[in-house]
Amino acid sequence: MTDKQSTKQDGQPLTEATFFILLSIAQKPKHGYAIMKDVESLSSGRIKFSTGTLYGAISRLLEQEWIEQIENDQPPDAGRPRKDYALTDKGHSILNAEVGRLESVLASARLRFGEENG
Amino acid sequence: MRIESFKVNTRPNNRGLRASKWIASLLIRLYAHSLRLYPAAFRADFADEMLDVFAMTLREARGTLAFLTIVWREVAYLPINIICVRQQKSEAPTSSINVWRARHVTRWSSMILSLFILYSLINPFVSPQTFAIDGLRLSLFFVLLFFTSLSMLLAWRWERLGGLLTIGGGITLGAFLIFYIGYFRPAEISLIGLSFIGILWALPFVTFGVMFYLLSQYPVRQLTTL
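Attention in this report is confined to the structure presented alongside it. Because the structure is a prediction, the values reported are computed rather than measured.

1. A word on the interface of chain B and chain A
At the junction of the two partners, chain B supplies 27 residues and chain A supplies 24 residues. Linking chain B with chain A are zero salt bridges. Seen at the junction of chain B and chain A, the total is six residue pairs in polar contact (both at pLDDT 80 or more). No other element matches helix H2 (residues 40-60) of chain B, which puts twelve residues into the side of chain B that touches chain A. Across the side of chain B that touches chain A, the residue classes break down as twelve nonpolar, four polar and eleven charged.

Next comes the structure, spelled out in structure tokens:
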């Protein structure tokens, strides 16, 4: 799947892919492969990134300063230093805002279904 | 990109056969080459990691189908990923000033050209004797010229629409001239000369049209963020 440009600053909702990437690293920093696997798991297998799509999204999120790159202290067996990605404060607030938006959408839907059923 | 450092585990497991080692190595090499299509800055930042992740994904593949799915996903999304990354890099804040300059130059130079052409078109009607020579036969040419110049002025406000109309007008204008001169005065000019005249007339409009069309991809509000 591809990840289109998402511009939360313009008041637009985040794309699902961007949302899941941010959600994936919300708790602790992760490297690219871990993010890829986590997003697949979080989305119940609906979102499967190609490597290019994932790093295209990561590059954009870094540019927007929603995430940051940190060096991993424990190098993998290949010996090459691995880079992890973590949410910045800006990224946290974007993610929280999106969660709030989704909650409000869900609340509206529940209210409407409640009205219809009740 | 250090391709040699990848060790792909291709031992068969109880879920099915893994791809052979040489296929995995070949795919990683091909993937490494495909990364050259990305912009240099992007490659410098991510190529090694992408290669790592791709190798890990192949290593985790269970069975031929999973293997093929991974390869298919990479190949299918490669063009769009490259376009997205290139677009993203071209939209970097450092290019804003260039966009502003390009828009400024395009707008003003197209405005001068449009007004000059429109004035030249109105002038023969003011002085009928200058319009008399071939005037009626060339009326379609004048109409085309009028609307193409108008499209350029329109592009000041609606860049995409105006740009596309200007491109279309320019091409039609060039083609019309080639047809007109070739049909009515075939003996006077060679085919190369005809093409040259057609291109010469079409070129400024097509150039301005393309410029406006490209500029339409950059919002005007960037002007205020400089």
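Anyway, onward from the coordinates.
2. A word on the pattern of salt bridges
Tallying each qualifying case throughout the model produces five salt bridges over all chains. A salt bridge links Asp38 of chain A to Lys30 of chain A; its shortest N-O distance comes to 3.3 Å. Here Glu159 of chain B ties to Arg103 of chain B by a salt bridge, and the two come within 2.8 Å at their closest N and O atoms. Within this pair, whereas Glu159 of chain B is found in helix H7 (residues 159-184), its partner Arg103 of chain B is found in helix H4 (residues 96-126), the two being separated by 56 residues in sequence.

3. Here's the deal with the nonpolar core
Core analysis: the biggest nonpolar cluster contains 47 residues, and Leu22 and Tyr55 of chain A have the highest contact counts within it. Those elements that place two or more of their residues in this core are helix H1 (16-24), helix H2 (32-42), helix H3 (51-63), strand S3 (83-87) and helix H4 (89-117) of chain A together with helix H1 (21-34), H2 and helix H3 (63-90) of chain B. Looking at which element gives the most residues to this core, the answer is H2 of chain B, with ten residues. Once you skip the residues sitting within four places of it in the chain, Tyr55 of chain A turns out to touch Gly32 and Tyr85 of chain A together with Phe42, Phe46, Glu49, Met50 and Val53 of chain B.

4. Regarding the packing of aromatic side chains
Overall, the coordinates contain eight aromatic pairs over all chains when judged by the stated rule. With centroids separated by 5.6 Å and ring planes inclined at 65°, the aromatic side chains of Phe19 of chain A and Phe20 of chain A adopt a geometry described as edge-to-face. The interplanar angle of 90° and the centroid separation of 5.3 Å between the aromatic rings of Trp108 of chain B and Trp156 of chain B together place this pair among those described as edge-to-face. Highlighted residues: Trp108 of chain B in helix H4 and Trp156 of chain B in the loop between helix H6 (139-154) and H7, separated in sequence by 48 residues. One aromatic cluster is present, formed by Tyr55 of chain A together with Tyr38, Phe42 and Phe46 of chain B through successive ring pairs. We note Arg107 of chain B situated over the ring of Trp156 of chain B; from NZ or CZ to the ring centre the distance is 5.0 Å.

5. Describing the sheet that holds S3 of chain A
Residue and element names in this part refer to chain A. The antiparallel open sheet is built from three strands, whose spatial order is S1-S3-S2. With one partner strand each, in any of the chains shown, strand S1 (30-31) and strand S2 (67-71) form the two edges of the open sheet. Relative to S3, S2 runs antiparallel, the two sharing five bridges. From the neighbouring strand, Ile70 faces S3, where its bridge partner is Asp84.

6. As for the environment of Ser149 of chain B
Residue and element names in this part refer to chain B. Within the secondary structure layout, Ser149 lies in helix H6. Given the relative accessible area of 0%, Ser149 is considered buried. Distance in space between the C-alpha atoms of Ser149 and Ser110 is 8.6 Å, their sequence separation being 39 residues. Not counting residues within four places of it along the chain, the set of residues in contact with Ser149 comprises Ser114, Ile117, Leu118 and Phe205.

Conventions and cut-offs
- Residues numbered from 1 in each chain as written.
- Chains lettered and ligands numbered in written order.
- Predicted model: local features only at pLDDT ≥ 70, side-chain atom pairs only at ≥ 80, totals over all residues.
- Heavy atoms only, no water.
- Contact = heavy atoms within 4.5 Å.
- Salt bridge = Lys/Arg side-chain N within 4 Å of Asp/Glu carboxyl O.
- Polar contact = N/O pair within 3.5 Å; in protein donor to acceptor, adjacent residues only side chain to side chain.
- Helix = DSSP H or I, 4+ residues; strand = E, 2+ residues; numbered from the N terminus.
- Nonpolar A, V, L, I, M, F, W, Y, C, P; charged D, E, K, R; others polar.
- Core = buried A, V, L, I, M, F, W, Y, C linked by side-chain atoms within 4.5 Å.
- Buried < 20%, exposed > 50% of the residue type's maximum accessible area, 1.4 Å probe, protein only.
- Phe/Tyr/Trp six-rings, centres within 6.5 Å; stacked < 30°, edge-to-face > 60°.
- Lys NZ or Arg CZ within 6 Å of the ring centre and 35° of its normal.
- Pairing = 2+ DSSP bridges.

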